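# Observations on chain architecture
The residues making up each chain are set out below.
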Protein chains: 2
Amino acid sequence: MSLLDQAKQLDAGDALRAYRDRFDLPEGVIYLDGNSLGALPKATKARIAEVVEQEWGEGLIRSWNSADWINLPQRVGGKIAPLIGAQPHEVIACDSTSVNLSKLIAAALHMRPGRKAILSEPGNFPTDIYMVEGLEAQGLATRKLAERDALIDALDDDVALLMLTHVHYKTGAMFDMAALTKAAHDAGALVLWDLSHSGGALPVELNKCNADFAVGCGYKYFNGGPGAPAYAYVAEQHHGDLQQPLTGWMGHAQPFAFDDDYAPAPGVDRLLAGTPPILGLSALEVGVDMIAEIGIDRLIAKSRALSEFFRQELSDRLPDLELVSPTDPEQRGSQISFRHPEAYAICQALIARGIIGDFRDPDILRFGFAPAYVAFEDVAMAVEALVEIIKAGEWDQAEFKERAAVT
Amino acid sequence: MSLLDQAKQLDAGDALRAYRDRFDLPEGVIYLDGNSLGALPKATKARIAEVVEQEWGEGLIRSWNSADWINLPQRVGGKIAPLIGAQPHEVIACDSTSVNLSKLIAAALHMRPGRKAILSEPGNFPTDIYMVEGLEAQGLATRKLAERDALIDALDDDVALLMLTHVHYKTGAMFDMAALTKAAHDAGALVLWDLSHSGGALPVELNKCNADFAVGCGYKYFNGGPGAPAYAYVAEQHHGDLQQPLTGWMGHAQPFAFDDDYAPAPGVDRLLAGTPPILGLSALEVGVDMIAEIGIDRLIAKSRALSEFFRQELSDRLPDLELVSPTDPEQRGSQISFRHPEAYAICQALIARGIIGDFRDPDILRFGFAPAYVAFEDVAMAVEALVEIIKAGEWDQAEFKERAAVT
């Protein structure tokens, strides 16, 4: 049986098959980059039109109450919570992942007086590391990096916070959240997990792992749209001590009292700073609702089946192609990466055939398998194309080698 | 001639009359709250549908380049710049006003080592003051407040930054930007202007006044939609020394090099932190384009004419109603406020008649005259209603007195 026929058979038996039709996927495109920007849920179009035309246009300022805009950060956060193993009042949707990182790093420093180091791994997603540098320049933190197998040994008395990305953006390797959280706690440190590459596609059990803090991205597996608001989690036990420096009016206990003195709102509400971005939050809510409807368990199962189908077939047909991701699907995210010196040109050659994966500097080819809408047939066609391109040296053409300013 | 006839005559001669039709204003509503949330430009509906359906849905990840999403913060900032007396490369659209305030307060502290005080006035818009408190809790700043007539005397050797809102959100009183900026500079301090209640409706001359920093709101006079991204200005002369703590990947000189070490992008680009909110920025761009098309000079002239028409008539007919705003239109923003012990109930009684102004705790009735779409007829009808309500004591009904949790 051909690979395509195998794929069609798998699609026919796929419990999530119907959900693909609830996304707007362009004709002639195989989209394996939902781990960078999730696809558009069809329902988002009508919802955004409603927010713009009815809630903003007709309701105007009244919609802060009548359309309950004022509670959108809590409402969307509360819907994300069960998908990441948290309680609804522990999660809020607001700002960007970067800004939320800064708030929670500062919160951790406040809770661990006398400790200044923020421990992470080199090669973590850059913004995570950069946000520590911002606090370091203010004299508030010290950046400390250790390779992943040396992290536990690096947990000394100066480490206030262990800050890691659950699934590595480039390799897809997944940390053992429970084990690392326990090791950090044993060393007196707090833990912050960046769920950008796991939330909405993989098993995340923040409460069970005793995680202290987490942040995550709205525009990847939650399909919230380009630059969607992010989310932040703070374990209930820390709500009393929670203090963060971006003390804006929306995080005030009584924002409309217009008092001169800041008094924090209860719990994660105090993570809010400015006025919530209603268009972005409304689009994110549709994406989150769909992921919740499908259910994380089914998404995980399909994610693993898709990525294994891809990995096994390529391993058979291109045995020399270097796999960067873990072989065991339970050890990785919903993505597979390979290393190739011509990764950029190969990525361009794939795009020329309508297959969108992505390239990460300097030599990584990355393919994401957003389980809500990627079909096995997509995967089979991507395999065939990749094999053809690499075997034919098709990538070795000038048009594919020109480097774009932004990838 | 009746007030309504006078208003109709003024509308007939209004050079901006045609622009009202380019906004979606609900039937039966007189909207005098554009200073809180601007109205919906009709063009925004089609533009947002295009961004969602074509750019996101069809273009997917490619739109960061093909739709130039990656430059939206700079493009929108560059369009706001001439409307606030700045050069295009001095302004960027990003994050919220609150978050931008924190960045620029921290930047000022970095440029004035040895000084810690941030001077403002009590009763400034709360988020401005609260953002100082966040830095104060980190030991980085000291909050210092002085009444407006005592500000210049309060500029001592410890003041790093004078931070003021150009037009007061409650009273509409406008500061003399040139004089206060000069006084601060003479005392060795920098100046940050919050333009939330002036940008897009009033004369703002940041460069001419030698202003160092500014922030402003996208959802008031720029009609960018609920919770629209804000903007930030840094005078060119400070670009070399500019350092702010929210050092996210989008503010990196080469975000897609994914380097472990932060290196700031040139100029105001380093104010970026996370991934830009594309829906919000796209809506904001439409609003800014319309304000730019109408032109600030014409907006100013109409704003003053509208608010004077309102003030003079009420002064004649309700001489006891206490005006909180300056009588001279050149000394105030595009708004008029009155003090009344029953302000809340009066505001509710107006809303019951379809006239939307707003209430600000504890006793302020505030009316905004967004010059792009408010007509003289709106103003005349609001005057008639307010006079009737107050003369008849109509506000003294239980239904208008119940206090909403959020106003």
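Just so it is clear, the structure is predicted and the values come from calculations on it, not from any experiment.

Procedures and definitions
Residues numbered from 1 in each chain as written. Chains lettered and ligands numbered in written order. Predicted model: local features only at pLDDT ≥ 70, side-chain atom pairs only at ≥ 80, totals over all residues. Heavy atoms only, no water. Helix = DSSP H or I, 4+ residues; strand = E, 2+ residues; numbered from the N terminus. Rg over C-alpha atoms; globule rule 2.2 N^0.38 Å. Buried < 20%, exposed > 50% of the residue type's maximum accessible area, 1.4 Å probe, protein only. Areas by Shrake-Rupley, 256 points an atom, 1.4 Å probe, with all protein chains shown as cover. Lys, Arg positive; Asp, Glu negative; His and termini not counted. Charge placed at Lys NZ, Arg CZ, Asp CG, Glu CD. Least-squares fit on C-alpha atoms with pLDDT ≥ 70 in both. Contact = heavy atoms within 4.5 Å. Pairing = 2+ DSSP bridges. Axes fitted to C-alpha atoms, helices over the stretch in contact; angles between N-to-C directions. Domains from an automatic or database assignment. Salt bridge = Lys/Arg side-chain N within 4 Å of Asp/Glu carboxyl O. Nonpolar A, V, L, I, M, F, W, Y, C, P; charged D, E, K, R; others polar. Right-handed = clockwise from strand over helix to strand, strands pointing away. UniProt positions renumbered as here; feature names shortened; annotations may be inferred. Polar contact = N/O pair within 3.5 Å; in protein donor to acceptor, adjacent residues only side chain to side chain. Buried area = accessible area lost by both parts, 1.4 Å probe.

## A closer look at the overall build of chain A
- Broken down by element type, chain A carries 13 helices and 15 strands.
- Taking 407 residues into account, the globule formula puts the C-alpha radius of gyration at 22 Å, and chain A, at 22 Å, falls close to it.
- Principal-axis analysis of the C-alpha atoms places the extent of chain A at approximately 70 × 55 × 40 Å.
- The 407 residues of chain A split such that 66% are buried.
- In the structure as shown, chain A presents an accessible area of about 13,500 Å², 48% of it carried by carbon and sulfur atoms.
- Side chains of chain A give 35 positive and 58 negative charges; the mean places of these two sets differ by 2 Å.

## Describing the relation of the copies chain B and chain A
- Taken as rigid bodies, chain B and chain A are interconverted by a rotation of 180° and an axial shift of 0.0 Å, the fit giving an RMSD of 0.0 Å. Expressed as an axis order, the relation between the two copies is that of a two-fold axis.
- An overlap of 99% is found between the interface residues of chain B and their copies at the interface of chain A, pointing to a shared contact surface.

## Digging into the sheet that holds strand β6 (residues 142–145) of chain B
Residue and element names in this part refer to chain B.
- The mixed open sheet is built from seven strands, whose spatial order is β4-β10-β9-β8-β7-β5-β6. Of all the strands in the sheet, just β4 (91–94) and β6 have a single pairing partner and so form its edges. Averaged over all neighbouring strand pairs, the angle between strand axes comes to 20°, with direction disregarded.
- Across four bridges, the pairing between strand β5 (residues 117–120) and β6 is parallel. Each bridged residue has a counterpart across the sheet, and for L119 the counterpart in β6 is K144.
- Along the sheet, helix α5 (residues 72–80) contacts β4 and β10 (230–234); its crossing angle with β4, the most-contacted strand, is approximately 125°.
- Taken strand by strand, helix α7 (residues 126–137) contacts β5, β6, β7 (159–165) and β8 (190–194), and its axis lies near 145° from that of β6.

## Looking at the domain arrangement of chain A
Residues and elements named next belong to chain A.
- Considered domain by domain, chain A is made up of domain 1 (3–31 + 296–401) and domain 2 (45–294).
- When each unit is reduced to the centre of its C-alpha atoms, the spacing between domain 1 and domain 2 is 30 Å.
- On the surface where domain 1 and domain 2 come into contact, there are two salt bridges.
- Among the salt bridges present, the one from R22 reaches E293, with a minimum N-O distance of 2.8 Å.
- A per-element tally of the side of domain 1 that touches domain 2 places helix α10 (residues 296–317) first, with six residues.
- Here the residues of the side of domain 1 that touches domain 2 sort into 14 nonpolar, seven polar and nine charged.

## Digging into the pairing of strand β4 (residues 91–94) of chain A
Residues and elements named next belong to chain A.
- The alternating pattern of β4 places V91 and A93 and I92 and C94 on opposite faces, both of which are buried.
- Bridge count between β4 and strand β10 (residues 230–234): four bridges; the pairing is antiparallel. In the strand pairing of β10, V91 is matched with Y233.

## So, the pairing of β8 of chain B
Residues and elements named next belong to chain B.
- With respect to burial, β8 is a largely interior element, five of its five residues being buried.
- Judged by which residues are buried, β8 turns out to be covered on both faces: L190, L192 and D194 on one side and V191 and W193 on the other are all buried.
- When β7 meets β8, the two strands line up parallel, connected through five bridges. For L164, the partnering residue across the bridge sits in β8 and is W193.
- Since β7 and β8 lie parallel, the crossover through helix α8 (residues 177–186) that links them has a hand, and here it is right-handed.
- Inspection of the sheet shows β8 paired to strand β9 (residues 213–216) by three bridges, in the parallel sense. Its bridge partner lying in β9, W193 is registered against A214.

## Focus on the UniProt feature "modified residue: N6-(pyridoxal phosphate)lysine" (unreviewed entry) in chain A
All names here are of chain A.
- In the numbering adopted here, UniProt assigns the feature "modified residue: N6-(pyridoxal phosphate)lysine" (unreviewed entry) to K220.
- In this structure, K220 is in contact with G34, N35, S36, G38, S196 and H197, ignoring residues within four places of it in sequence.
- Within polar-contact distance, the side chain of K220 engages the backbone oxygen of N35 at 3.2 Å.

## Topic: the interface of chain B and chain A
- The partner chain A presents 82 residues to the 83 residues of chain B that form the contact.
- Note on chain B versus chain A: buried area summed over both sides is about 6,900 Å², and carbon and sulfur give 67% of it.
- Counting the surface chain B buries against chain A, the share from its top three residues, W56, Y130 and F258 of chain B, is 12%.
- The interface formed by chain B and chain A holds two salt bridges in total.
- Across the pair D261 of chain A and R143 of chain B runs a salt bridge, and its minimum N-O distance is 2.7 Å.
- If you look at where chain B meets chain A, you find 25 residue pairs in polar contact (both at pLDDT 80 or more).
- Among the secondary structure elements, those contributing two or more residues to the side of chain B that touches chain A are β3 (40–41), α3 (42–58), α4 (63–66), α6 (97–111), α7, β6 and α9 (278–294) of chain B.
- No other element matches α7 of chain B, which puts nine residues into the side of chain B that touches chain A.
- A breakdown of the residues in the side of chain B that touches chain A according to their chemical character gives 45 nonpolar, 24 polar and 14 charged.

## Quick notes on unusual backbone geometry
- The residue after D361 of chain A, namely P362 of chain A, is reached through a cis peptide bond having omega 0°.
- Secondary-structure assignment places P362 of chain A in the loop between β14 (358–360) and β15 (364–368).
- Even without a glycine there, the phi angle at L60 of chain B is positive, about 50°.
- Within the element layout of this structure, L60 of chain B appears in the loop between α3 and α4.
- A relative accessible area of 0% means that L60 of chain B is categorised as buried.
- Positive phi values are uncommon outside glycine, yet D68 of chain B reaches one of about 55°.
- Structurally, D68 of chain B can be placed in the loop between α4 and α5.

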